[in-house]
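Survey of secondary and tertiary structure
One-letter residues, chain by chain:
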Amino acid sequence: MFTLHKWRKPNIKLTSPPFHHFTISLSPLSSSREKILAAARANKPEETLLPTVPSFEGDASAERFTEVLTSIGGQVIWLEGPEQLQQVLTQLFPDSRISASPLFPGTLPVDALTTTEVLADVDLAVLPGEIGVAENGAIWLPEANMMHRALPTITQHLVLVLDHKRIVATMHQAYAQLPSTGGYGAFVAGPSKTADIEQSLVIGAHGARSLIVLLY
Amino acid sequence: MNHATRAAKFIGDADRTTWHDETLWFVRTKRDKAVYAVPEFQDLRELASQIKNHTLSKLDFYLEQFEEQAKRNGVHVHWAADADEHNAIILDIIRQHNATRIVKSKSMLTEECHLNPHLIANGIEVVDTDLGERIIQLRDEAPSHLVLPAIHLKKEDVGETFFQHLGTAKGEVDPQVLTEAARQHLRARFLAAEVAISGVNFAVAETGGIVICTNEGNADLGVNLAHVHIAAMGIEKLIPRLSDLSVFTRLLARSATGQPVTTYTSHYTKPAADKEMHIVIVDNGRTKQLGRPDFRASLKCIRCGACMNTCPVYRRSGGHSYDATVPGPIGSILSPNIDMKKHSSLPFASTLCGSCSDVCPVKIDIHTQLYKWRQVLAEANEIPASKKWSMKLMGRFLTSPRALGIGGKLARHGIKFLPYSLTHARHFNVWAVARELPEPPKQSFHEWYKQQQVK
Ligand code: SF4
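Residues numbered from 1 in each chain as written. Chains lettered and ligands numbered in written order. Predicted model: local features only at pLDDT ≥ 70, side-chain atom pairs only at ≥ 80, totals over all residues. Heavy atoms only, no water.

Turning our eyes to something else, we now look at the overall build of chain B. When helices and strands are tallied, chain B shows 22 helices and 10 strands. Its C-alpha atoms give chain B principal-axis dimensions of roughly 90 × 55 × 45 Å. A total of 455 residues make up chain B; the buried ones form 58% of that total. Partitioning the contacts of chain B with sequence separation of at least 6, the portion at a separation of at least 24 is 74%. For chain B, the computed accessible surface area is about 18,700 Å², with 56% contributed by carbon and sulfur atoms. (Helix = DSSP H or I, 4+ residues; strand = E, 2+ residues; numbered from the N terminus. Buried < 20%, exposed > 50% of the residue type's maximum accessible area, 1.4 Å probe, protein only. Contact = heavy atoms within 4.5 Å. Areas by Shrake-Rupley, 256 points an atom, 1.4 Å probe, with all protein chains shown as cover.)

All names here are of chain B. The ligand sits among 14 residues. The nearest are C301, C304, G305, C307 and C360. Using a 2 Å cut-off from the grid points, one finds that the ligand occupies the largest cavity. By residue class, the composition of the shell around the ligand is 12 nonpolar, one polar and one charged. (Near = heavy atom within 4 Å. 1 Å grid on protein atoms, 1.4 Å probe; cavity = no way out; pocket = protein on both sides within 12 Å on 5 of 7 lines; lining within 4 Å. Sits in = over half its atoms within 2 Å of the grid points. Nonpolar A, V, L, I, M, F, W, Y, C, P; charged D, E, K, R; others polar.)

Our focus in this paragraph is the sheet that holds strand β4 (residues 195–198) of chain B. Strand order in this open sheet of six strands is β1-β10-β7-β4-β2-β3 (chain B), and the pairing throughout is parallel. Because the sheet does not close on itself, it has two edges, and the strands there are β1 (76–80) and β3 (125–128) of chain B. Each strand axis lies, on average, 20° off the axis of its neighbour in the sheet, ignoring direction. Here strand β7 (residues 228–234) of chain B pairs with strand β10 (residues 276–282) of chain B via seven bridges, running parallel. Residue pairing for β10(B): B:A232 is matched across the bridge by B:V280. In this fold helix α1 (residues 32–43) of chain A packs onto β1 and β10 of chain B, with an angle of close to 70° to the strand it touches most, β1(B). (Pairing = 2+ DSSP bridges. Axes fitted to C-alpha atoms, helices over the stretch in contact; angles between N-to-C directions.)

All names here are of chain A. Here we have five strands laid out as an open sheet, ordered β1-β11-β6-β3-β2, and parallel in their pairing. Both edges of this open sheet fall to β1 (75–78) and β2 (99–100), since each of them pairs with a single strand only. Sheet strands in contact with helix α2 (residues 62–71) are β1, β6 (157–162) and β11 (210–215), and its direction is about 145° off that of β1. Strands β1, β3 (124–128), β6 and β11 of the sheet are contacted by helix α3 (residues 85–92), whose axis makes an angle of about 150° with β11.

What follows covers the pairing of β11(A). Residue and element names in this part refer to chain A. Burial runs high along β11: six of the six residues are buried. Residues S210, I212 and L214 line one face of β11 and the alternating positions L211, V213 and L215 line the opposite face, and both faces are buried. Pairing analysis gives four bridges linking β1 to β11, with the strands arranged parallel. When the sheet's bridge partners are listed, I77 is paired in β11 with L214. Where β6 meets β11, six bridges bridge the pair, whose relative direction is parallel. When the bridges of β11 are listed, V159 appears paired with I212.

Turning our eyes to something else, we now look at the interface of chain B and chain A. Counting residues at the interface gives 111 residues for chain B and 81 residues for chain A. Between chain B and chain A, a total of about 8,200 Å² is buried, with carbon and sulfur atoms accounting for 61% of that surface. Among the residues of chain B in contact with chain A, B:D60, B:R183 and B:H267 are the three that bury the most area, contributing 8% of the side total. Where chain B packs against chain A, one counts nine salt bridges. Between B:D60 and A:R41 there is a salt bridge, with the nearest N and O atoms lying 3.0 Å from each other. (Buried area = accessible area lost by both parts, 1.4 Å probe. Salt bridge = Lys/Arg side-chain N within 4 Å of Asp/Glu carboxyl O.)

In this section: a nonpolar patch on the surface. A cluster of nonpolar residues, B:M394, B:F397 and B:L398, forms a patch on the protein surface that exposes about 250 Å² of accessible area. Classification of B:L398 by relative accessible area gives partly exposed; the value is 37%. (Patch = residues over 30% accessible without salt bridge, like charges linked within 9 Å, V, L, I, M, F, W, Y side chains within 5 Å.)

Structurally, chain B comprises domain 1 (38–284), domain 2 (293–379) and domain 3 (386–454). Each of domain 1 of chain B and domain 3 of chain B has a C-alpha centre, and the two are 52 Å apart. (Domains from an automatic or database assignment.)

This paragraph deals with the environment of B:D43. Its place among the elements puts B:D43 in helix α3 (residues 41–57). Separated by 411 residues in the primary sequence, B:D43 and B:V454 have C-alpha atoms spaced 53 Å apart.

Right, let's get into the nonpolar core. Residues and elements named next belong to chain B. Counting residues in hydrophobic clusters, the biggest one holds 139 residues, and the most contacted among them are I210 and I330. Split by domain, this core shows at least three residues from each of two domains, domain 1 (38–284) and domain 2 (293–379). Excluding residues that lie within four positions of it along the chain, I330 makes contacts with L146, S298, C301, C307, M308, I364 and I366. Formed by 22 residues, the second largest nonpolar core is a distinct cluster that contains L91, L115, V195 and V282. (Core = buried A, V, L, I, M, F, W, Y, C linked by side-chain atoms within 4.5 Å.)

All names here are of chain B. This model, assessed by the stated rule, comprises six cavities of 30 Å³ or more. Roughly 80 Å³ of volume is contained in the largest cavity. Around the largest cavity sit 13 residues that line it, and C301, C304, C307, C360 and P361 are the ones nearest its centre. For the lining of the largest cavity, a count of residues per class yields 11 nonpolar, one polar and one charged. Of the voids in this model, the second largest cavity is the one considered here, and its volume is about 60 Å³. Surrounding the second largest cavity, C311, P312, V313, P329, S350, T351, L352, C353, G354, S355, C356 and L370 form its lining. Among the secondary structure elements, those contributing two or more residues to the lining of the second largest cavity are α15 (312–317) and α17 (355–359). Classifying every residue of the lining of the second largest cavity by side-chain character gives eight nonpolar, four polar and no charged. (Points joined across faces, edges and corners; volume = space filled by probe spheres on them.)

Next up on the list: the confidence of the model for chain A. Taken as a whole, chain A shows an average pLDDT of 89; of its residues, 86% reach a score of 70 or greater. Low pLDDT (under 50) marks residues 1–28 of chain A, which in the prediction has 41 contacts with non-local residues, meaning those over four places away or in another chain. (pLDDT = per-residue confidence, 0-100.)

The next point concerns the state of the cysteines. For the coordinates displayed, the defined rule picks out zero disulfides over all chains. In this structure B:C311 is a free cysteine whose sulfur lies 6.6 Å from that of B:C353, the closest cysteine sulfur available. (Disulfide = S-S within 2.5 Å.)

See the structure below:
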């Protein structure tokens, strides 16, 4: 005969009373720093292991990089060689008035001390990128390559020049290649964008309105 | 007012509710597409979870390591036990520089600490520079989502706000045009700013550096033009190694919006020549949460918002119905830790379907914690009387096979004759407000099973 078993409560139990965390007695003089550190020490759980992160490999081709960067609003153009740079730029930006670049002469001289007023008028910055990441179209741009920290975002248009041999598959290989992040540095993936109005994608929020990667 | 009452207000506008629901579900589907394209995504979630667990288990050590490295980098490090101290420290730095022009990029922590009202009360204007944040700042509203702060608004609302505040044409609703207007308006603020305040996505203990992820570039533009940078971070933002960033940067944007990565993943380690950088490390209830074994996992959160986009309750009730800095499933765990009384209805704003836990990139057991909060609240007598008594009766009824048998029979036969006015009496049965009773079955499973035995 079939009998109904007594309904059992779901098997989720509180592992300990929730409000019995340690109270720490401290002299009223102790600073917030000491208080926070003491509370963290007293309340932290038993130590667990820090895992080793495997280097997940993948497709590191320029094709994959191009495909992903294009899908997020960037553009990739191949250069036959570095000497072709200026010619391609003139074709791409015939109306550019004020450009800044460490890669060729005759542009606005910019360094860490250049004033905001001067930077604000730059319409084109052409900077060397260091590492390209195929899985997400990002390019590592260290401070040393920026002329001024604000240049990559304050310029109206940004061009990054990248050696295609420096493209890696995933962020794991990218970070593995970074000796350090320096004082400041950024992975830049495409032009500045927003979707804050009804989720409609608009390119050109506060940073560069366009991003072109020149691969050689 | 509780969550249900506020949600009722939101769903009063059926079209908007449907739009909100569908828009967030669309973001969820974009997330799925991005996630399925990465074969090792589940491994990354597990790694992220383990890295965060480990960090929390040695939090004091990593905090000290981070502080030491940051100081070595020439960064000023401050510690704030609570919101008031956080606000006081920031006001103090601003005053030391006699600054009046402040820009701020997105930071849920400064939101949590109510920094803006504090600065305004002290005569200092802060301009939020993330487009969504600027929109709601102009409207004097709170963000309704972790990464999509203005998702509760339609373009007509934004158009009206910009018409009033930024002088765009009346009736202009084109997102492209509105965004351009905001770009021009905010650019003037960026160029003039003396101090830039930012949040922190990740703080790397071994380098003492912080990482900020944005799509708009507003953090970079603000911080790199202003003379002083103040970054506010909760103690849970730490990760041990630079290489751990590879795991988190692969998870964050994919989980949040389905992008492969945010446009800018910026690493701030040292202040620029002759500039200043401050980091304010904030507790504000976090060490308390660390001491609650059942709820400490909530400190692993990387604020991607995926649990909101997937939540059937959030999608249909809107972020403001939670009346908390962080809304949605994760907010419903974090908020009662800060104020149990005020937020007592939040852990009930869930179907416990578990979808939040399924999408969480750091594997927080969100729905289990919601269930546990309900128990805690019941024990602390923080649930409404109607819920308490109905649950008690229900419990008794369900644990007695006899009562259940008789009750079932009565219901099957009686349901047909019950007057609508009784089953749908608003005050007794909130559940029935938007629902109809089912057609009663002829027999119970128990009776059917007996019949099968006899045959
Ligand atoms: S709880 Fe998980 S899914 Fe929700 S915002 Fe935090 S990290 Fe994202």
